[in-house]
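Chain by chain, the residues:
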There are 2 protein chains.
Amino acid sequence: MTYRAPVPDIVFTMRHVAGLDRAVADGVYGDLSVELAETILEEAGRFANDVIAPLNREGDKHGVTLKDGTVTTAPGWKEAYKGWTEAGWNALPGPVEYGGQGLPTLLNSACVEMWNAASMAFGIGPVLTMGAIEALVQHGTEDLKSRYLEKLVSGEWTATMNLTEPHAGSDLAALRSRAEPAGDGTYRVTGQKIFITYGEHDLTDNIIHLVLARLPDAPAGTRGISLFLVPKFLPDGTRNDVRCHSIEHKLGIHASPTCTMIFGDNGGAIGWLVGEENRGLNCMFTMMNNARLAVGLQGVAVAERAYQQALGYANERRQGRAIGAVEGMSPIAVHPDVQRNLLTMKALTAAARAICYMTAEAIDRAHLEEDPGRRKKAHERASLLTPVAKAFSTDIGVEVASIGVQVHGGMGFIEETGAAQHFRDARIAPIYEGTNGIQAIDLVTRKLPLAGGETVRAQIASMRATAARLLKESTPAFGATAPRLRDAIESLDRATSHLLQSLSSNAQGEALAGATPYLRLFALAQGGAALAEMALAANAQVAGGDTDPAHAGRIALCRFFAENIAVGAKGLEETVMSGAGFLHDATLALAS
Amino acid sequence: MTYRAPVPDIVFTMRHVAGLDRAVADGVYGDLSVELAETILEEAGRFANDVIAPLNREGDKHGVTLKDGTVTTAPGWKEAYKGWTEAGWNALPGPVEYGGQGLPTLLNSACVEMWNAASMAFGIGPVLTMGAIEALVQHGTEDLKSRYLEKLVSGEWTATMNLTEPHAGSDLAALRSRAEPAGDGTYRVTGQKIFITYGEHDLTDNIIHLVLARLPDAPAGTRGISLFLVPKFLPDGTRNDVRCHSIEHKLGIHASPTCTMIFGDNGGAIGWLVGEENRGLNCMFTMMNNARLAVGLQGVAVAERAYQQALGYANERRQGRAIGAVEGMSPIAVHPDVQRNLLTMKALTAAARAICYMTAEAIDRAHLEEDPGRRKKAHERASLLTPVAKAFSTDIGVEVASIGVQVHGGMGFIEETGAAQHFRDARIAPIYEGTNGIQAIDLVTRKLPLAGGETVRAQIASMRATAARLLKESTPAFGATAPRLRDAIESLDRATSHLLQSLSSNAQGEALAGATPYLRLFALAQGGAALAEMALAANAQVAGGDTDPAHAGRIALCRFFAENIAVGAKGLEETVMSGAGFLHDATLALAS
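Parameters at a glance
Residues numbered from 1 in each chain as written. Chains lettered and ligands numbered in written order. Predicted model: local features only at pLDDT ≥ 70, side-chain atom pairs only at ≥ 80, totals over all residues. Heavy atoms only, no water. UniProt positions renumbered as here; feature names shortened; annotations may be inferred. Helix = DSSP H or I, 4+ residues; strand = E, 2+ residues; numbered from the N terminus. Buried < 20%, exposed > 50% of the residue type's maximum accessible area, 1.4 Å probe, protein only. Contact = heavy atoms within 4.5 Å. Areas by Shrake-Rupley, 256 points an atom, 1.4 Å probe, with all protein chains shown as cover. Lys, Arg positive; Asp, Glu negative; His and termini not counted. Charge placed at Lys NZ, Arg CZ, Asp CG, Glu CD. Least-squares fit on C-alpha atoms with pLDDT ≥ 70 in both. Buried area = accessible area lost by both parts, 1.4 Å probe. Salt bridge = Lys/Arg side-chain N within 4 Å of Asp/Glu carboxyl O. Polar contact = N/O pair within 3.5 Å; in protein donor to acceptor, adjacent residues only side chain to side chain. Core = buried A, V, L, I, M, F, W, Y, C linked by side-chain atoms within 4.5 Å. 1 Å grid on protein atoms, 1.4 Å probe; cavity = no way out; pocket = protein on both sides within 12 Å on 5 of 7 lines; lining within 4 Å. Points joined across faces, edges and corners; volume = space filled by probe spheres on them. Nonpolar A, V, L, I, M, F, W, Y, C, P; charged D, E, K, R; others polar. Phe/Tyr/Trp six-rings, centres within 6.5 Å; stacked < 30°, edge-to-face > 60°. Lys NZ or Arg CZ within 6 Å of the ring centre and 35° of its normal.

- As annotated in an unreviewed UniProt entry, chain A is Acyl-CoA dehydrogenase from Microvirga terrestris.
- Under Sequence similarities (unreviewed entry), UniProt gives the following word-for-word description of chain A: "Belongs to the acyl-CoA dehydrogenase family."
- Quoted verbatim from the Cofactor (unreviewed entry) field of the UniProt record, the comment on chain A reads "FAD".

Set out below in C-alpha cells:
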C-alpha cells in the first residue's frame, strides 16, 4: 500500500482553518495566490508519491550501515535526496537572499507533512537543515551566513543539531562539551553527542553541525552554554576533527542514521561561535520551535500514512457479512466497529493537521505582519499552539498507527504488510525535539501565562465563536456536534482558569501534575473547533450548490470527532481539577 | 532491566478481589489453602525471574530459524522449556487423572501472568497446549485421551490450534481445509493454515495439531466445520503428512515461531475426529474461551514488565531538579509528569489484573461449584467477563508499553534498552484469539443479553456495593475516589440499559457501533471497583495495626485510577449513547 498525498484535504484545511485566503487577502503572503499554493502542493504531492514513498519500506528493511566512520544510506536514497533538492523543495521556505523561494511556513508545513508521510526517515533530515538555516539567519555572523547559507538553503549540504549528551537530555544544564577559543576567532570543540539525527551520511558532500558547548569559565547551568558551527569539512577542504563513533539500532525510522558523534578526539574540532557567548540556548530555541512544529507534522504524516494503509486494506479484505447484505463476505470497511476505527484514525489525523497548520499560519504572521502589535499577538499565538501541535499530533500519530495495525488483524503484525513499520516509526515523534511531557509543562507553565493569560483566553474565545455558529446551524447531519463541542470548550475554559489560578498562587506541583491531561483537553477542544470550521465551510459550499460529496464527508467527520472523541474533555477536566492530590502518596504507590 | 514477579500484589489481588479466601472457605478449591497458593506462586515467581526472564531479550534478537522444514528456537529455549515442564508448571492446571495437579484456573492464571511477563514469546506456547487439553478432556474419545493427554499435561508434547486460513480469519465460515474419511476411523486432512503459533519447533519430540476442516458434503458456513487431531508424529512413530512451509517475520514475539502449515501435500495428513461431526467450532470455543483469558493475562504481563522496566529507569535516570530540591539532578521518577506516567502504567495494569483474576475465579466456580444454579451463574459471569478481560487487558498492554517507551525518552527508542521490545511484543495480544473488536461485539451482542440481562445487572450491582462502602469511608487519602467511581458505575449502568434496549428493539447497528467504547467503559467501572475493593481491604488492615507501607500505596493507586482514569467513563457513555448516528455518512467521510 503506497501513499497518495491528500492534497484536497490539505488545501481545504489551509483555506478554511488556517486562514490561507485571509492571509493572502491581508497581503501577508506577498504575491502568493491560493491557486499558486495549490499548484505547488499538487507538485509536491506528486514528488512525495512517486519518488519518496517507494523508498520507505526498503529503507526500513535495509537501514543504514556504518563502516570505518562512513555511513551509507539505503539504496536509492542518495538519488532521491538529490532529485528532491534539485527540484527546489529544500529551498522552498528558505530566504530569498540565499537562493530560497521565501514561501510561507504554512505552505512548507503542508510539504513537510507530505515528505514525512512518504517516509518519516527521509523527512526528518531536512527538518534539521531548516532549523539550522533559521539559527544562522537570526544569529550567524555575515561571514558564516555567506559561507554556509546558500548551500544549506539549496540542500547541497545538510545540517545537524547537537544537543544531547549521555547525561544531558531534557535537562541541558548538565551539558559537558567544551569549546576553547583558539585565538584566531575560531574555537576548538570537544565532547560527545548522542542521538544525532543524520549526524553522518552519504547524501551530501558536507554536513554542518550546530553544537552546544561550554566556554572555559562559563557559568554553570543553562546560562553557560554557547552554540558553535562545526562543519564536517572545513572551508579549505580538509576534514574537521569530528566523527561518527556509532549508530543506534532503533525501533523505527531505520533509514535515518542516529549517530553518536565525537568532537575533538585529535585536539579539537574547529568551530565558529553562533550568536553571543553563553546565549546558545536562545539560538537553539530559535531552531527548536519550528522543529517542534515539523515534528508535530511528522505525527500527522505517519497518521495519514497509517490511515491510508488501513483504509486500503479494509476496502479489500473481506470477512463477515454486513448488516442487511444478502450473501458473500463484505469488505471489513463496512462493519461498524471497523468504521469506528477508521473514522477515529481519520478524525484524529484531520484535527492534528488543522492544529499544526494553524500554528504555521501564526508563525508566518509573527514574521510577516507589518504591525508590531499584530506580530506580537501572532507570536504569542504561535508560542501557545506549538507545544499542542507537537505533542498532540505525535501522540495521535502513535495511537492512529496502533489502530492501523489493529484494522489489519493478524496481517498487521507481519512486517511485510507495512502497517507495523508506521507503528514503529511513529513512536519516536513523541520523544524527540522535547518529549511530550516537556511540551505539556511548557504549555502550562510558560504559555498559559503569556500576555497575562490573554493569549489563551483569545484562543478559547475563537473556539467559542465557532461553537456559537454551530449552535445556530440546523443541518441534521451535524447530529450532536454543537452541544458536544460547546461542552469541550467549556471544560477547557474551566481547566485553564484552574491552572492559571494555580500558577498565580505558586502551586507549581498542581500545574505540573495536570499538564499532560490539560494539553490533550486543549487539543480536543481546538481540534473539534477546527473540524467544525471546515464542516461549516463545507456546508456553506453545499448550500451554494457545490455537489462534491467530500463536503458531506467533512460534516460526518466533524460530527464523529465531536460525538466520539471530544466527549473525553469532561474526564480530562476532572483530572486536571483533581490536580496534584494523587502525588501525595505516589511514591508509596510506586514502591509497593 | 529484568523482571521480578510481583507476588505480593498478585496474592493481594487474588485474595481481596478475586475471592481466593472465600472460594477456599466455600470448599470450591478442595484442600488448597491460601498459604499453599502463596507458596506455589512464590516458587513460580522464582522460576519466571531466574530461568525465563533472562531469555526474553536474547529470544527477541535471535528469533527462530526455519531450515528444511525444521524450526530451531533461540539458544537456551529448549533447556528452559524442559526445565519448566520438569518442574511441573505445565501440569499445574491439568486434570489429575492424566498426571496434572488439578489446581484452579485462578492459581494458574497468576502463573500464566508470570510466565508471560518473563517472556511473552515463551508464555504463549503452553497457552495453546492448555487449550488443547481442555478440548480433548471435554470432547475427545477415550482412545485419544489415553494416547495424548498425559504427554500434553506434562508438557512433554505441545499442541497447536489450526483455525486461520488466508481467507478465513475472524470469519471462520469461509474455511476451506478438508478432511476425508479413510474408512478406518481416521481422516485424511488437507489444507493450508496460517498464523499457527508454535506450529513447528524443536522444544519437544511431538506436536499435536488441532485442525478445523470440512468433511465432504458438510453444510456451508460455520455449521459444517469439524475438529481433527493431527499429530506431527503418528502413534507408530512415522512422520505425518504435515509440514511447516514458512515462518513469519513479525513485529514482536520473535522467539515464538508463527508458521504457515501445510496439511496433506502427499495425500493427506492422518487425523482423528474430536467431538461430533460439524460441531468443530463448539469444541474450538471450549479452547478459545480459556485461551482468551490467557491472552488477557499476556496483556497484564507485558504491562507489568514494561512498568517495572520504566520504574527502574525512572529511579536511576537523573534529569532536572525536583520541586523543593536544593541542588543536583533528581531521579526523573520524582517529577509530577513522570509520576503520572508511572501511576497510569501501574493503575491500568492492576485494574486489568484484577479483572482477569475475577474472570478466572468465575471460571473455576463454573466448573467446581456443587450447586447447578451457582455453576450456571458463575458460568454466565465468566462469559460476561471474558471479553472484557481479553480486550481491556491487551489494549492497556499496548498503552502501558507505549508509555514505558516514553518514560525512557530517547533511550526508549533504542532496541538494546528493552522498552521497545515490550511495545512490539504487546501489539499482538489485541489481535489474536479474536480481535478486540470481535470481543466487544461478543460482549454487547451475546453477553449482555445473558439471563435476560440479569448477569450484567448483577455485576453492576456488585460494583455499586463497593462504591457504597467507599462513600461511607472517611479516610482523606481516598480523595474523590468515591464520587468518581460512583459516576463511572452509573455511566456504565445507563449505557448498559441503552444497549439492552437497542438489542431488544433489533437496532443491531446501534449496538455494534457502540461496542468498543462500551467495553472500555465496562472495564473502567469494573477496574475502578476492583481497585477500590483492594484499597478498602488495605485500609482495614492498616486500621487493624498492619504497618506495611504497601497498603497506603494501594489506596493511592485506587485514588489515582478513580480521579485520572475512571473519569473517562462519562465521555464513553456519551459515545455509546450517540450510537450509530455517525455511521450514516461514514462511507462519505472515509471516501473523501
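Okay, back to it.
## Considerations on the overall build of chain A
For step 1, the next point in the chain: Of the regular secondary structure elements, chain A holds 19 helices and 10 strands.
For step 2, the next point in the chain: Principal-axis analysis of the C-alpha atoms places the extent of chain A at approximately 80 × 60 × 60 Å.
For step 3, the next point in the chain: Within chain A, buried positions represent 65% of all 592 residues.
For step 4, the next point in the chain: Considering only residue pairs separated by 6 or more positions, chain A has 76% of its internal contacts joining residues 24 or more positions apart.
For step 5, the next point in the chain: Within the structure as shown, chain A displays about 20100 Å² of accessible surface, and the carbon and sulfur contribution to it stands at 52%.
For step 6, the next point in the chain: Here chain A holds 53 positive side-chain charges and 65 negative ones, and the gap between their average locations is 4 Å.

## Observations concerning the UniProt feature "domain: Acyl-CoA dehydrogenase/oxidase C-terminal" (unreviewed entry) in chain A
For step 1, the next point in the chain: Per the UniProt record, the feature "domain: Acyl-CoA dehydrogenase/oxidase C-terminal" (unreviewed entry) sits at residues 278-443 of chain A.
For step 2, the next point in the chain: Between the first and last C-alpha atoms of residues 278-443 of chain A the distance is 25 Å; the span itself is 73% helix and 0% strand.

## Side note on the relation of the copies chain A and chain B
For step 1, the next point in the chain: Laying chain A over chain B is done by rotating through 180° and shifting 0.0 Å along the axis; what remains is an RMSD of 0.0 Å. Considering both components of the superposition, the chain copies are consistent with a two-fold axis. No C-alpha of chain A approaches the rotation axis more nearly than that of G568 of chain A, which lies at 3.1 Å.

## Structural notes on the environment of W157 of chain A
For step 1, the next point in the chain: Note that W157 of chain A resides in the loop between helix 8 (142-154) and strand 3 (158-162).
For step 2, the next point in the chain: It is 6.5 Å that separates the C-alpha atoms of W157 of chain A and D205 of chain A, two residues lying 48 residues apart in sequence.

## Some details on the interface of chain A and chain B
For step 1, the next point in the chain: Counting residues at the interface gives 86 residues for chain A and 86 residues for chain B.
For step 2, the next point in the chain: Regarding the contact of chain A and chain B, the summed buried area is about 7400 Å², with carbon and sulfur atoms giving 63% of it.
For step 3, the next point in the chain: A per-residue breakdown of the area chain A buries against chain B is headed by F413, F582 and L590 of chain A, which together make up 12% of the total.
For step 4, the next point in the chain: At the boundary of chain A with chain B, the tally comes to two salt bridges.
For step 5, the next point in the chain: Of the charged contacts, one joins R484 of chain A and E574 of chain B as a salt bridge, the two residues approaching to 3.7 Å between their closest N and O atoms.
For step 6, the next point in the chain: One can count 32 residue pairs in polar contact (both at pLDDT 80 or more) joining chain A with chain B.
For step 7, the next point in the chain: Considering each element in turn, the side of chain A that touches chain B owes the most residues, nine residues, to helix 17 (residues 550-564) of chain A.

## Considering unusual backbone geometry
For step 1, the next point in the chain: The phi angle at A451 of chain A is positive, at roughly 50°, despite the residue not being glycine.
For step 2, the next point in the chain: Within the fold, A451 of chain A resides in the loop between helix 13 (436-447) and helix 14 (454-471).
For step 3, the next point in the chain: Non-glycine residue I253 of chain B carries a positive phi angle of around 35°.
For step 4, the next point in the chain: Mapped onto the fold, I253 of chain B is located in the loop between strand 8 (242-247) and strand 9 (258-263).

## Considerations on the nonpolar core
For step 1, the next point in the chain: Y518 of chain A together with F392 and Y518 of chain B are the most contacted members of the largest nonpolar core, which has 328 residues in total.
For step 2, the next point in the chain: Those residues in contact with Y518 of chain B, other than ones at most four positions away along the chain, are L443, V444, L448, V456, L492, A495, T496, L499 and V576 of chain B.

## Describing the pattern of salt bridges
For step 1, the next point in the chain: Across all of its chains, the model carries 70 salt bridges over all chains by this definition.
For step 2, the next point in the chain: Residues joined by salt bridges that share partners form a network here, namely D26, E361, R365, E369, R374 and R381 of chain A.

## Some remarks on the UniProt feature "domain: Acetyl-CoA dehydrogenase-like C-terminal" (unreviewed entry) in chain A
For step 1, the next point in the chain: UniProt records the feature "domain: Acetyl-CoA dehydrogenase-like C-terminal" (unreviewed entry) at residues 461-581 of chain A, using the numbering of this structure.
For step 2, the next point in the chain: What you have in residues 461-581 of chain A is 79% helix and 0% strand, and the ends, taken at the C-alpha atoms, are 30 Å apart.

## What to know about empty space enclosed by the protein
For step 1, the next point in the chain: If you walk through the whole model with that rule in mind, you get nine cavities of 30 Å³ or more.
For step 2, the next point in the chain: If you trace the largest cavity, you find 16 residues lining it, with D9, K346, A350, M534 and L557 of chain A closest to the centre.
For step 3, the next point in the chain: Looking at the lining of the largest cavity, the elements that each hand over two or more residues are helix 1 (7-16), helix 9 (280-316), helix 10 (336-368), helix 16 (508-543) and helix 17 of chain A.
For step 4, the next point in the chain: Here the lining of the largest cavity is composed, by residue class, of seven nonpolar, four polar and five charged.
For step 5, the next point in the chain: What lines the second largest cavity is a set of 12 residues, and nearest its centre among them are D9, A350, M534, R554 and L557 of chain B.
For step 6, the next point in the chain: Those elements that place two or more of their residues in the lining of the second largest cavity are helix 1 (7-16), helix 10 (336-368), helix 16 (508-543) and helix 17 (550-564) of chain B.
For step 7, the next point in the chain: Residues that form the lining of the second largest cavity fall into these classes: five nonpolar, three polar and four charged.

## Regarding the packing of aromatic side chains
For step 1, the next point in the chain: For the coordinates displayed, the defined rule picks out 21 aromatic pairs over all chains.
For step 2, the next point in the chain: Considering the side-chain rings of F423 of chain A and F423 of chain B, the 4.1 Å spacing of their centres and the 10° angle between planes classify their relative orientation as stacked. Pair noted here: F423 of chain A is in helix 12 (residues 419-426) and F423 of chain B is in helix 12 (residues 419-426), and the two residues belong to different chains. Note on accessibility: F423 of chain A and F423 of chain B belong to one class, buried.
For step 3, the next point in the chain: Centre to centre, the rings of W77 of chain B and F122 of chain B are 5.9 Å apart; their planes meet at 50°, and the pair counts as tilted. With a gap of 45 residues between them, W77 of chain B in helix 5 (residues 77-86) and F122 of chain B in helix 7 (residues 120-139) connect regions that are remote in the sequence.
For step 4, the next point in the chain: In this structure W77 of chain B comes out as buried when scored by relative accessible area, which is 0%.
For step 5, the next point in the chain: Counting every residue linked through ring pairs, the aromatic cluster contains F47, W77, Y81, W84, W89, W115 and F122 of chain A.
For step 6, the next point in the chain: The ring of F423 of chain B has R427 of chain A lying over it, and the distance from NZ or CZ to the ring centre is 5.9 Å.

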